[in-house]
Number of protein chains: 2
Amino acid sequence: MSTDTLQPLPMATSIEEMQACCPDILGEAISEDEAIVAARVFKALGDPTRLRLLSMIAASEGQEACVCDLIEPVGLAQPTVSHHLKVLLEAGLVARERRGSWAYYRLRPEAVTAITRALGA
Amino acid sequence: MSTDTLQPLPMATSIEEMQACCPDILGEAISEDEAIVAARVFKALGDPTRLRLLSMIAASEGQEACVCDLIEPVGLAQPTVSHHLKVLLEAGLVARERRGSWAYYRLRPEAVTAITRALGA
DNA sequence: ATCCCGCATCGACTGTTGTCAATATCGACG
DNA sequence: CGTCGATATTGACAACAGTCGATGCGGGAT
């Protein structure tokens, strides 16, 4: 068995599931499963700290920032910041890339367009 | 003192506050207060039941529906449905109108456009 | 007036979430 | 290889949110 089969699934993000299932939330009545998928994305946005983190990342040059740059401005403990970034990551709103000791989080513009599309924009 | 001063404020919805304060969440770093306001709107969307209710309302003719029409398809107790509709109402995503014994909830398209605008669409 | 029906509110319970301190992991650099 | 710095994970705790049964309220109809 190759090592690829051990961790082949990058764990589809909520955004990706939403793109695949919920083209238009307000266009027609969505199913219960579709609602669960889409709600995960909005729930990730439904916290002030996460919105600030996302906003700060988006406002940074290259639309990316490392954790160390986010802790002080957000005013919370490092584990708390890591926790929120993980929620944003699993939602598919940001991507993570390790460079050296640092972890850089980058905004995923496709995620934003997926949301606006789901809202019928 | 007129009776208007007793209940003059229709209690500004979260959407209205967001329109007034957060033109572009992803354009520049938003403040803590702005994040709190905007997070309330997304939190209202961050529940599967509320998303389904909103979707069903939007898919109804005239983009409105009364509570009695929503209870059975959503499969939850009537107080629970009323609770979720209240959350959507206070978020500014829907409007309520009483006609006879029935309460009709209507989608507020301005709210949807306000969200997509805040996301920089 | 009274009863009924649709909806809102209340009280209680349970599961989830945000937060932090402590600890583990992981990479870089001597 | 051992230490140090940056992140992630764990465990615990308080606060919050979703759900329901019971109850309250208000408008029609009899």
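Heads up: the structure comes first, above all this text.
Described in the following lines is the structure provided in the data block. Everything quoted here is computed from the prediction, not taken from an experiment.

1. Things to note about the overall build of chain A
Then, in step 1: The secondary structure content of chain A amounts to six helices and three strands.
Then, in step 2: Secondary structure elements in chain A, listed N-terminal to C-terminal, are α-α-α-β-α-α-β-β-α.
Then, in step 3: In terms of overall dimensions, chain A has a C-alpha envelope of 45 × 45 × 25 Å along the principal axes.
Then, in step 4: Among the 121 residues that make up chain A, the fraction classed as buried is 45%.
Then, in step 5: Counting contacts in chain A only where the partners sit at least 6 residues apart, residues at least 24 apart contribute 57% of the total.
Then, in step 6: Summing over all exposed atoms, chain A offers an accessible surface of approximately 6300 Å²; the carbon and sulfur share of this is 52%.

2. A few points about the relation of the copies chain A and chain B
Relating one copy of the chain to the other requires a rotation about an axis plus a shift along that axis.
Then, in step 1: Superposition record for chain A on chain B: RMSD 0.0 Å, screw rotation 180°, translation along axis 0.0 Å. Here the symmetry operator amounts to a two-fold rotation axis.
Then, in step 2: The share of interface residues of chain A whose copies in chain B are also at the interface is 100%, consistent with both copies meeting through the same surface.

3. Regarding the protein's contact with DNA strand C
Then, in step 1: Taken together, 23 residues lie near DNA strand C, and Thr80 and His84 of chain A together with Gln78, Ser82 and Tyr105 of chain B sit nearest.
Then, in step 2: For DNA strand C, a phosphate oxygen lies 3.4 Å from a polar atom in the backbone of valine 67 of chain B.
Then, in step 3: One nitrogen or oxygen atom from the side chain of arginine 96 of chain B is found 2.8 Å from a phosphate oxygen belonging to DNA strand C.
Then, in step 4: Those elements that place two or more of their residues in the surface near DNA strand C are α3 (48-59) and α5 (78-91) of chain A together with α4 (67-74), α5 (78-91) and β3 (102-107) of chain B.
Then, in step 5: In terms of residue class, the surface near DNA strand C is made up of 10 nonpolar, eight polar and five charged.

4. A short note on the protein's contact with DNA strand D
Then, in step 1: Within the structure, DNA strand D sits among 22 residues, and Gln78, Ser82 and Tyr105 of chain A together with Arg50 and His84 of chain B are positioned closest to it.
Then, in step 2: Protein-adjacent atoms of DNA strand D, using a 4 Å cutoff, are sugar or phosphate at a proportion of 68%.
Then, in step 3: Within the side chain of histidine 84 of chain B, a nitrogen or oxygen atom sits 2.3 Å from a phosphate oxygen of DNA strand D.
Then, in step 4: The set of elements that each furnish at least two residues to the surface near DNA strand D consists of α4 (67-74), α5 and β3 (102-107) of chain A together with α3 (48-59) and α5 of chain B.
Then, in step 5: For the surface near DNA strand D, the class distribution of residues is 10 nonpolar, eight polar and four charged.

5. Quick look at the pairing of strand β2 (residues 94-99) of chain B
Residues and elements named next belong to chain B.
Then, in step 1: The pairing of β2 with β3 spans six bridges and is classified as antiparallel. Note that in β3 the partner of glutamate 97 across the bridge is tyrosine 104.
Then, in step 2: Hairpin remark: β2 followed by β3, antiparallel, with two residues in the connecting loop; positive phi at glycine 100, about 65°.

Calculation notes
Residues numbered from 1 in each chain as written. Chains lettered and ligands numbered in written order. Predicted model: local features only at pLDDT ≥ 70, side-chain atom pairs only at ≥ 80, totals over all residues. Heavy atoms only, no water. Helix = DSSP H or I, 4+ residues; strand = E, 2+ residues; numbered from the N terminus. Buried < 20%, exposed > 50% of the residue type's maximum accessible area, 1.4 Å probe, protein only. Contact = heavy atoms within 4.5 Å. Areas by Shrake-Rupley, 256 points an atom, 1.4 Å probe, with all protein chains shown as cover. Least-squares fit on C-alpha atoms with pLDDT ≥ 70 in both. Near = heavy atom within 4 Å. Polar contact = N/O pair within 3.5 Å; in protein donor to acceptor, adjacent residues only side chain to side chain. Nonpolar A, V, L, I, M, F, W, Y, C, P; charged D, E, K, R; others polar. Pairing = 2+ DSSP bridges.

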